[in-house]
Amino acid sequence: MANILVAGGAGYIGAHTCLDLFTKGFTPIVYDNLSNGHAEFVKWGPLEIGDIRDRGKLDDVLRKHKPLAIVHFAAAIEVGQSVLDPGSYYENNVVGTITLLRAAQAAGIDKIVFSSTCATYGIPSSIPINEAHPQAPINPYGRSKLIVEQILKDLDLYQGFRSLILRYFNAAGADPEGRIGEWHSPETHALPIAIETALGRRPHFEILGTDYETRDGSCVRDFVHVLDLADAHVRAIEHLLNNGTSHALNLGTGHGTTVKELLETVQHIAGKSISVKYGPRREGDSPILVADNALAKQTIGWSPRHDLRSIVSTAWNWHSNCLTI
Ligand SMILES: O=c1ccn([C@@H]2O[C@H](COP(=O)(O)OP(=O)(O)O[C@H]3O[C@H](CO)[C@H](O)[C@H](O)[C@H]3O)[C@@H](O)[C@H]2O)c(=O)[nH]1
């Protein structure tokens, strides 16, 4: 079986991708420092505990497992936190990725799938956003991802190091069998917080901004099922292993949901009401982010198969039955 190194494979999207890689006949080798990931999520291949900034450990792991390619999720991911501590975002996401790339090159690996984000677009001038839209991030998290995108483009141009850059919109949902799901500490994401509120684990949900120029004043996001994201990563790996060329691809559904609409869907599926508070805007938040996903379909044959109901119901199942912390 072909080994694939999955940096950050003990995290939310990483673990769902490992499951899908395993199902498609690959062996995911998880490399994770467990700062945000969970050893319990590593079920479909070996776990190597290490940091992407640790070149010596990376060299050892690459020598031991000889992966054909890398899928790279390992990063700090919170928009709000990146505004409070930008240096840690550049250290983790930029320095860490450069170290990983140098180790990969030294080991003769020249293919990577990289987790990027719609946050690289900043405040979009047109919706839906396609990949040609200018990238002008409005927070350090988005900038850290854009810097890595630019590095990867240079490695492709000058050294033939190939990459699929995947720009996720809002990942949500969980494995329908409840083996893995969204588990962040502390949790900052809208859907899990809404579910925890419906479950009575939080007193209320605070809507962060109600004066945006959107249909109901709250932000619009494109929620995409983590199973669809996992599928895109496996397709991306297959594309690179078949000598496909480098691309940057949007991974979203093309459907926008406001924060208020998300809350309504959670209340409907949970059959419980959510106590809501109205708060100020969160710094670094873009008013509306919705994907044009045509290029992903054309390049790797990907289109999302799960809708918002499926996202919310699998997340509800995970949080109410499986995640009990
Ligand atoms: O308690 C909360 C939490 C979130 N929100 C709102 O819900 C929306 C979604 O927020 P999330 O924190 O769930 O997601 P983000 O859009 O901020 O972030 C996600 O999308 C980003 C790109 O915009 C990055 O990729 C990031 O890693 C990923 O978590 C935002 O308008 C936010 O202000 C609330 O109203 N209340």
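Residues numbered from 1 in each chain as written. Predicted model: local features only at pLDDT ≥ 70, side-chain atom pairs only at ≥ 80, totals over all residues.

- For the protein, the name recorded in an unreviewed UniProt entry is UDP-glucose 4-epimerase, with Bradyrhizobium valentinum as its organism.
- If you open the UniProt record of the protein and go to Subunit (unreviewed entry), you find "Homodimer."
- The annotation that UniProt attaches to the protein under Catalytic activity (unreviewed entry) is "UDP-alpha-D-glucose = UDP-alpha-D-galactose". (UniProt positions renumbered as here; feature names shortened; annotations may be inferred.)

1. Some words on the site of the ligand
Link 1 in the chain: For the ligand, the set of nearby residues contains 21 residues, the closest of which are Thr117, His189, Ala190, Leu208 and Cys219.
Link 2 in the chain: Elements supplying a minimum of two residues to the shell around the ligand: α6 (190-198) and β8 (205-208).
Link 3 in the chain: Among the elements that line the shell around the ligand, the one with the most residues is β8, at three residues. (Near = placed C-beta within 6 Å. Helix = DSSP H or I, 4+ residues; strand = E, 2+ residues; numbered from the N terminus.)

2. Points about the sheet that holds strand β12 (residues 257-258)
Link 1 in the chain: Pairing in this open sheet of three strands is mixed, and the strands run β12-β9-β14 from one edge to the other. Where the open sheet ends on each side, the last strands, each with one partner, are β12 and β14 (288-289).
Link 2 in the chain: Relative to β14, strand β9 (residues 220-221) is paired through two bridges, and the arrangement is parallel. Across the sheet, Arg221 pairs through a bridge with Leu289, a residue of β14. (Pairing = 2+ DSSP bridges.)

3. A short note on the sheet that holds strand β5 (residues 111-117)
The strands that make up a sheet pair up through hydrogen bonds in the backbone, lying either parallel or antiparallel.
Link 1 in the chain: Spatially, seven strands are ordered β3-β2-β1-β4-β5-β6-β11 in an open sheet, and the strand pairing comes out parallel. A strand with exactly one partner marks an edge of an open sheet, and here the two such strands are β3 (47-49) and β11 (247-251). Across the sheet, the mean angle from the axis of one strand to that of its neighbour is 20°, orientation sign disregarded.
Link 2 in the chain: Bridging between strand β2 (residues 26-32) and β3 involves three bridges; their strand directions are parallel. (Axes fitted to C-alpha atoms, helices over the stretch in contact; angles between N-to-C directions.)

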